[in-house]
Amino acid sequence: MDSDSSSFIDLRSDTKTKPTPEMLQAMISAELGDDMNGEDPTVNRLEAMICDLLGKEAAVFACSGTQSNQMGLRAHCLPGDELLIHELGHIAIFEGGAPAILSGVSCRTLTGERGMLTVEDLRGKIRANDQHLTRTRLLCVENTTNAGGGHYYPLDQLTDICNWAHENGLKTHMDGARIFNACVAGGYTMKEICAPLDTISICFSKGLGCPMGSILVGSQEAITHARRSRKIFGGALRQAGIVAAACIYALENNIERLQEDHDNARFLAEQLAEIEGISINPKHTETNLVFFDVHPERGNAMQLSAALKKEGVGIGAMGNSTLRACTHLDISRAQIEQVPAAVRAALKAGLDQYQGIATGPYARG
């Protein structure tokens, strides 16, 4: 089945959502100005809303999550510095080497359960003050964890590692691409989870359903620096209110409904657990990301992904045996109910006919 078909159930990412008619109307009617000069009233309103929601001083609108993350890194680091991050962190593995390319910053990757770090994971990782060594400047966390399994940080765990970082002279940055999913699942407020952080990057084009747009939030000093970086990175905007209006609509209408995505994800996980040839623990599905494994004797993840596409379902490979399904506002419970049958059909037909790279989509050799 063609993935462009209207009946295609696309669970590859929550970035696949389309604006609703109401969101489109908000975009059409947006009041516009020149954001480069701080004159777009809709962007200004969005930045003020986010500051109030997070309890921070300033914000700057950006094109993408990668851009807002990199603006945050540059606000805290100098060329030659390093940051500490989980080995599965998006900034370290999915942003094209941007810390090194754009800011001369290296990523020191650490291990931790479920894509998250604890104080014990961090102890002893700050380099000594020695001219031979790079300077450790920044702690980066991700909430929810993407490649780590879609988990959310417990509030006390995040507070502990941020306090530890500050006590040891580090700044803290959160890749909060799906931070609203974390808040809905964790039952905490944005102000609570953002209080110990120096900068936070938020993406509007994932769970909130916007066509594009991210934002960086923090102190006035950090955001002033980041706004200059936005210009350097080629991301300064003009009449950006047309996009910011979609973000405002999403903040006002699409946060509470994220629980539906979480419920659909848990339902899917429970159904997949009943399928022979699939391994998954439904209890590990905390938000809208469903990670599961295909048994090696049946084939690999890329083969199953290709077979599912033929069955009318889009689910991406995340490794040799691991796949990720992502629920979102364009996917109904009725559509989710069709997915287990598609998985069974794909496995029954066999995966040998599909080409697959044994090491998965993000590795070779």
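Residues numbered from 1 in each chain as written. Predicted model: local features only at pLDDT ≥ 70, side-chain atom pairs only at ≥ 80, totals over all residues. Heavy atoms only, no water.

Draft legend 1. Fine view of the overall build of the protein chain. If you tally the helices and strands in the protein chain, you get 15 helices and 13 strands. For the protein chain, the C-alpha radius of gyration of 21 Å lies close to 21 Å, the compact-globule estimate for 365 residues. For the protein chain, the spread of C-alpha atoms along the principal axes amounts to about 60 × 55 × 35 Å. Within the protein chain, the proportion of its 365 residues that are buried is 53%. Expressed as a percentage of contacts within the protein chain between residues at least 6 apart in sequence, the contacts between residues at least 24 apart total 74%. Only carbon and sulfur atoms are counted for the fraction: they give 48% of the accessible area of the protein chain, which is about 15,800 Å². Computed over 33 positive and 44 negative side-chain charges, the inter-centroid distance for the protein chain is 5 Å. (Helix = DSSP H or I, 4+ residues; strand = E, 2+ residues; numbered from the N terminus. Rg over C-alpha atoms; globule rule 2.2 N^0.38 Å. Buried < 20%, exposed > 50% of the residue type's maximum accessible area, 1.4 Å probe, protein only. Contact = heavy atoms within 4.5 Å. Areas by Shrake-Rupley, 256 points an atom, 1.4 Å probe, with all protein chains shown as cover. Lys, Arg positive; Asp, Glu negative; His and termini not counted. Charge placed at Lys NZ, Arg CZ, Asp CG, Glu CD.)

Draft legend 2. Spatial organisation of unusual backbone geometry. At the junction of asparagine 143 and threonine 144, the peptide bond is cis and its omega measures out at 5° in the coordinates. Tracing the chain through its elements places threonine 144 in the loop between strand S5 (135-142) and helix H7 (155-167). For arginine 114, which is not a glycine, the phi torsion comes out positive at approximately 60°. Counting through the fold element by element, arginine 114 comes out in the loop between strand S4 (106-110) and helix H6 (119-122).

Draft legend 3. Broad picture of the sheet that holds strand S3 (residues 81-86). What the 7 strands build is an open sheet, ordered S2-S8-S7-S6-S5-S3-S4; its pairing is mixed. Because the sheet does not close on itself, it has two edges, and the strands there are strand S2 (58-62) and S4. If you compare each strand with its neighbour and ignore which way they point, the axes differ by 20° on average. Here strand S6 (residues 171-176) pairs with strand S7 (residues 199-203) via 4 bridges, running parallel. (Pairing = 2+ DSSP bridges. Axes fitted to C-alpha atoms, helices over the stretch in contact; angles between N-to-C directions.)

Draft legend 4. Region of interest: the nonpolar core. One finds Leu46, Ile50, Phe61, Leu158, Ile179, Ile202 and Phe204 to be the most contacted residues of the largest nonpolar core, which totals 52 residues. When residues of this core are assigned to their parent elements, the largest contribution, 8 residues, is made by helix H11 (residues 241-253). Once you skip the residues sitting within four places of it in the chain, phenylalanine 204 turns out to touch Leu46, Ile50, Phe61, Gly209, Cys210, Met212, Gly213, Ser214, Ile215, Cys247 and Leu251. Phe267, Val290, Leu304 and Val343 belong to the second largest nonpolar core, which has 31 residues in total. (Core = buried A, V, L, I, M, F, W, Y, C linked by side-chain atoms within 4.5 Å.)

Draft legend 5. Just the packing of helix H13 (residues 301-310) against helix H15 (residues 339-349), in detail. Between H13 and H15, whose axes approach to 9 Å, the crossing angle comes to 115°. Two packed elements cross with a definite hand, and for H13 against H15 that hand is right-handed. Contacts between H13 and H15 involve Leu304, Ala307 and Leu308 on the former and, on the latter, Ala342, Val343, Ala346 and Leu347. Class assignment for the residues of the contact of H13 with H15 results in 7 nonpolar, no polar and no charged. (Left-handed = near helix turned anticlockwise from the far one by under 90°. Nonpolar A, V, L, I, M, F, W, Y, C, P; charged D, E, K, R; others polar.)

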